[in-house]
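Residue-level structure breakdown
Listed below, chain by chain, are the residues.
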Amino acid sequence: MRPLKLTMQAFGAYAKAETIDFTELGQERIFVISGKTGAGKSTIFDAISFAIFGKANTNDREGFSLRSHFAKAEDLTEVSLEFLLRDVRYLVRRVPQQDVPKQRGEGMTTVTAKAELYELDGDEERLLASSVRDVGAKMEEIIQLNVDQFRQILMIPQGEFRELLVAESKEKEAILQRLAHTHFYQLIENQLWNQQKEQEQRVRLLREKVASITQEAFDAEALAGKAARDIELMFAERLVAERETMVELQEQMDLAKGKAEITARNVTLAEEKIAEWAQLAKLRAEKAELDGQNGQRNDAQAAVDLARKAGAIIDQDALCLRLKQQLDEAKLEDQQALEVLQKREMALEKAVLEAEKVKEMETEYVTWVKKRESLQSMETKVTRAMELQQELAQESRHKQELEQKLDRLILQEKGLLVQSEQLVKRVQLVQDARLKSAEMKQHLTELRQENLFVVTEIEKWEQKNKWQSELVLLEGEWNQAEKQLHDAELKYAELDALWQHEQAATLALSLVDGDACPVCGSLEHPNVALQTAGMTKAEVDVAREGRDAKQETAKALGVQVEQKKWQIEQIVFASEESLHVLRDRQMLCAEELVKKEQELAGIDVFLTEEQQVEELVERNKQDLAKLAEEKAQQQAVYEEVRKKVDTSETTYALLLEDVPEEFQNPAGFYEQQKVLTVNITDFETKKGHAESVYNTAKEGQFRAVSASEMAEKAALKASEALAAQRTIFKDIMATNGFADYASYQRAILSPEVLEEKERFIRDFEQQYHFVSERLKEAEARLAGVAQPDLKELQRLDDESKRAYQEKTEQWMAQKDVVRKVSELSEQFMKHVKETSEAEKAYADIGYLADMARGKNDRRLTFERFVLATFLDTILLRANGRLKKMTNGRFQLNRKKEKSKGNVQSGLELEVYDEYTGLERHVKTLSGGESFKTSLSLALALAEVVQEMSGGISLETMFIDEGFGTLDPESLEMAVECLLETQESGRLVGIISHVPELKERIPSRLEVTATNHGSTTKFFAQGL
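1. Focus on the overall build of the protein
Assigned secondary structure in the protein consists of 21 helices and 17 strands. Taking all 1023 residues of the protein together, the buried fraction comes to 35%. Looking at the protein alone, contacts between residues at least 24 apart form 76% of all its contacts between residues at least 6 apart. Accessible surface for the protein amounts to roughly 62,000 Å². Of this, 52% is attributable to carbon and sulfur atoms.

Right, here's the structure in full:
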């Protein structure tokens, strides 16, 4: 990733939009960022980190604190970065969450965080993501580093340069995993582990199946101490024994089956004989029953014979009955005709009387007609007068309603005028309050700015006093540590000298004159060392370790003292006032703020209560105009209705001039007309009804006379015909042997009863013949034959069947046993084979999985082994630069000894010191040594990753301070190493106050601080 253009607005030390165009460097690939303390140099790194990840480059700077104190309230804090990554140009823009003034009204509103990511192609922008979340995910995807790894590798902030060097093994692993793409190896580890678990589960299940099969086939005692081969033989032996048992049971089952068939046949034959004896008894009973029914059969035959004789004369009897019915009907019709004739004659007499009454009313009817014709001539005028009367009443009511409405409108108009005067006064008060509120807010803004300035200065004073107190304590601890270190060095030097003397004395004991000294080679030994009280190596080592510990403590305290001094120097006061004066000033300012805020709150409450007064004024004007318009409309309508009422009253009076006074009342007129019409209609109706009734009665009387005469003749004729047919019936009845009509009636049978009796006689004769013949046959067949003992035969048959069933069940059960034992044997052989194969596979995959997961002598996982190799490559490159910068003294090595316990190892770093010939932890390096080592490691890491990975591009590095810890010679070597990186095209930016570094590196970005915010400008050769 290479930055091309960075734009910051209202961000950190930059108030206005500040753009840094890195393309101005041209071919230069290394530059220094210089400027005064607090000018905003580190803010450039913060802006780049914020644009990419949404977070500042240092952990103590988050989005809410990134806004510039110099910025105007209306200016948004935002950052945009144009960068190049794998030959593709991108543009990312971010706006942190912040409070800005409202566009309308007073107060502040919160702007939510925003982010956009574009891919640039010439002047075209293609949107890739448009939310904070999506942009963050997309940036990590294309850069393939998170913000922490970015800080440790590409953009190393102040005080954090050693993080990658001294990071724990786990932290290094996370960084190297992302850089070396070793997640594939971790996938292999996981896959082997999963396969191992699957194979282990398979072996366990197969073993459980084998155990379940053997436990189902044999008891625990039989299985004790048996191997798979033994169990296989046990299955074979049991299978042979079970099959022999099944053959024996089949022979017994066949024998029982034969016995059961014989007893079943005996029972069948006996049941047939018993059935024949039962049939004989049944036939004898049926014959006896039929003999008893013979008298019933004779009675039925006699009844049938009489019924047939009665049937011969039944038609004549029916004819006489029909003639008798006709005679009765004729007599009834004759009687009814006489009754109708009497009623018709009475109706005719009544109709004649009604017609005479109607005729007497004709004179009065003529009077009514004439009077109604007179009224009809006046009907038009009265009707029109009545309509006018109704219209006049309605219009009068309308006129009264309009008068009332006009009065109400006049009252409303007066009320609105009074309200208008009151609203004008309120508007003036609101305008005065707004003007006062604006002045108050301006004053409050000035007070808040002053208060913020004073509070900031007070905080600086308090922080400075705190750090100075801490510095005094640290200097005391440091002086004490230096004194203890001096004492420890003297003690160690004394003990070491004694130890060296003791070693010389020990060597002197073996010296012989004439023999060469193993140290100097001399043949003479005039002044040999003599042993003293004695000194051990352990005492010397303890003294050396004590000296080293004191040295580390003193060095650490010295670094803390220098850091605390540097922190105190970074505090710059904007005011020359003392802390006491500032606190008094802050107290007065706070009191004034509270007072003004209370006054403003009161004004705001008033304005809130009166915020709609202007709308009320406008609404009052609209209501007055609307009311005036409505009043004019109502006045016009009222005048029109009034004129219409006057015209109607005049017309009504003219219409009733020619109408008699008694009829001028429309209600009385129509009532009289209605009475006359009712009388006339009633008379005409009565007259028509009387005429109709008379004509109807006259015609009815004539028809009744004719009907009576015809009915009388029909009755006489029917009587004569009945007498003749009755004589003929009596003669026929006597001929057929019936003494009287009653005996004839008793002999008559219905067709159903007659058919039933004939069928009974026929069925009886057939049944009697059938039973008699079968009885003779049965008696002849069973003559001399005895009945069998069926119960005994059935008992024997049941016993044989039970025996056969038991043998069958035993054979079937044994057959299932043989089948089950056979299946268990086959399953046992199958699962034993599968278990053996699974155990072999489990052993192989388990070994690979354990090795890959670090269960080996070095406790090194497969992925960590690859990462260690990757780290070795990086260290090889880093040591080339480190030896150059340290004149061959230091070399970085990867610690290969396994850690204590189960802790994963393999990525820890140690440094080999050529001066001591010993390896030690990288945390023991001094500030300058640590800087040179970290710089070498970071440059090597960038080179190796760039060469080995096509996904991660490390074309840029930013370094914030660290060069101040180097001596002139080390600084020169470090700069040479950085200059060598230009050959690979990497861009390196360095924040430093070291003058030699500025002189050595020609290109620089100068950051200038002003009281209105900072600005930047490139200075380079040729610019």
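There is more to say after this.
2. Quick look at the packing of helix α8 (residues 228-292) against helix α17 (residues 790-852)
As a packed pair, α8 and α17 sit with axes 6 Å apart at the nearest point and diverge in direction by 160°. It follows that α8 is roughly antiparallel to α17 by the angle criterion. Relative to α17, α8 is oriented so that their crossing is left-handed. Residue composition of the contact of α8 with α17, grouped by class: 26 nonpolar, twelve polar and eleven charged.

3. Thoughts on the packing of α8 against helix α16 (residues 751-781)
Closest axis-to-axis distance for the α8/α16 pair is 9 Å, and the angle between their directions is 145°. Between α8 and α16 the crossing geometry is left-handed. When α8 is examined against α16, the residues Glu276, Gln279, Leu280, Leu283, Arg284, Glu286, Lys287, Leu290 and Asp291 are found in contact with a partner set consisting of Phe764, Gln767, Tyr768, Val771, Ser772, Arg774, Leu775, Ala778, Glu779 and Arg781. For the contact of α8 with α16, a count of residues per class yields eight nonpolar, three polar and eight charged.

4. A closer look at the confidence of the model for the protein
Averaged over every residue, the pLDDT of the protein is 78; residues scoring 70 or more account for 86%. Summarising per-element confidence for the protein, the mean pLDDT is lowest in strand β10 (residues 155-156) (60) and highest in strand β5 (residues 88-95) (92). Predicted confidence for residues 60-64 stays below pLDDT 50, and this span has six contacts to residues more than four positions away or in other chains.

5. Let's talk about the pairing of strand β3 (residues 30-35)
In terms of burial, β3 is largely enclosed, as six of its six residues are buried. Burial of the side chains of β3 extends over both faces: Ile30, Val32 and Ser34 are buried on one face and Phe31, Ile33 and Gly35 on the other. Bridge count for β3 against strand β16 (residues 1004-1008) is four bridges, and the pairing is parallel. Counterpart to serine 34 in the pairing with β16 is glutamate 1006.

6. Quick look at the sheet that holds strand β13 (residues 918-921)
Taken in spatial order, the three strands line up as β11-β12-β13 in an open sheet, and their pairing is antiparallel. Either end of the sheet is taken by a strand with one partner, and the two such strands are β11 (890-894) and β13. Strand-to-strand twist across the sheet, computed as the mean angle between neighbouring axes with direction ignored, equals 35°. Note: strand β12 (residues 909-913) against β13, four bridges, orientation antiparallel. Bridged to aspartate 913 within β13 is leucine 918.

7. Quick notes on helix α12 (residues 579-609)
For α12, built from 31 residues, the straight-helix expectation of 45 Å at 1.5 Å per residue is met to within 8% by its first-to-last C-alpha distance of 44 Å. All buried positions along α12 are accounted for by Leu579, Leu582, Cys589, Leu593, Lys596, Leu600, Ile603 and Leu607.

8. Regarding the sheet that holds strand β9 (residues 124-129)
Across the sheet, which stays open at both edges, the six strands sit in the order β2-β1-β4-β5-β8-β9 with antiparallel pairing between neighbours. Looking at which strands have only one partner, the edges of the open sheet turn out to be β2 (18-21) and β9. Neighbouring strand axes in the sheet, compared pairwise and without regard to direction, differ in orientation by 20° on average. The pairing of β5 with strand β8 (residues 114-121) spans seven bridges and is antiparallel. Across the sheet, residue arginine 94 finds its bridge partner in β8, namely alanine 115. Along the sheet face, helix α2 (residues 132-143) touches β4 (78-85), β5, β8 and β9 and points at about 45° away from the line of β8.

Cut-offs and rules
Residues numbered from 1 in each chain as written. Predicted model: local features only at pLDDT ≥ 70, side-chain atom pairs only at ≥ 80, totals over all residues. Heavy atoms only, no water. Helix = DSSP H or I, 4+ residues; strand = E, 2+ residues; numbered from the N terminus. Buried < 20%, exposed > 50% of the residue type's maximum accessible area, 1.4 Å probe, protein only. Contact = heavy atoms within 4.5 Å. Areas by Shrake-Rupley, 256 points an atom, 1.4 Å probe, with all protein chains shown as cover. Axes fitted to C-alpha atoms, helices over the stretch in contact; angles between N-to-C directions. Parallel < 35°, antiparallel > 145°, perpendicular 65-115°, else oblique. Left-handed = near helix turned anticlockwise from the far one by under 90°. Nonpolar A, V, L, I, M, F, W, Y, C, P; charged D, E, K, R; others polar. pLDDT = per-residue confidence, 0-100. Pairing = 2+ DSSP bridges. Expected span 1.5 Å × (residues − 1).

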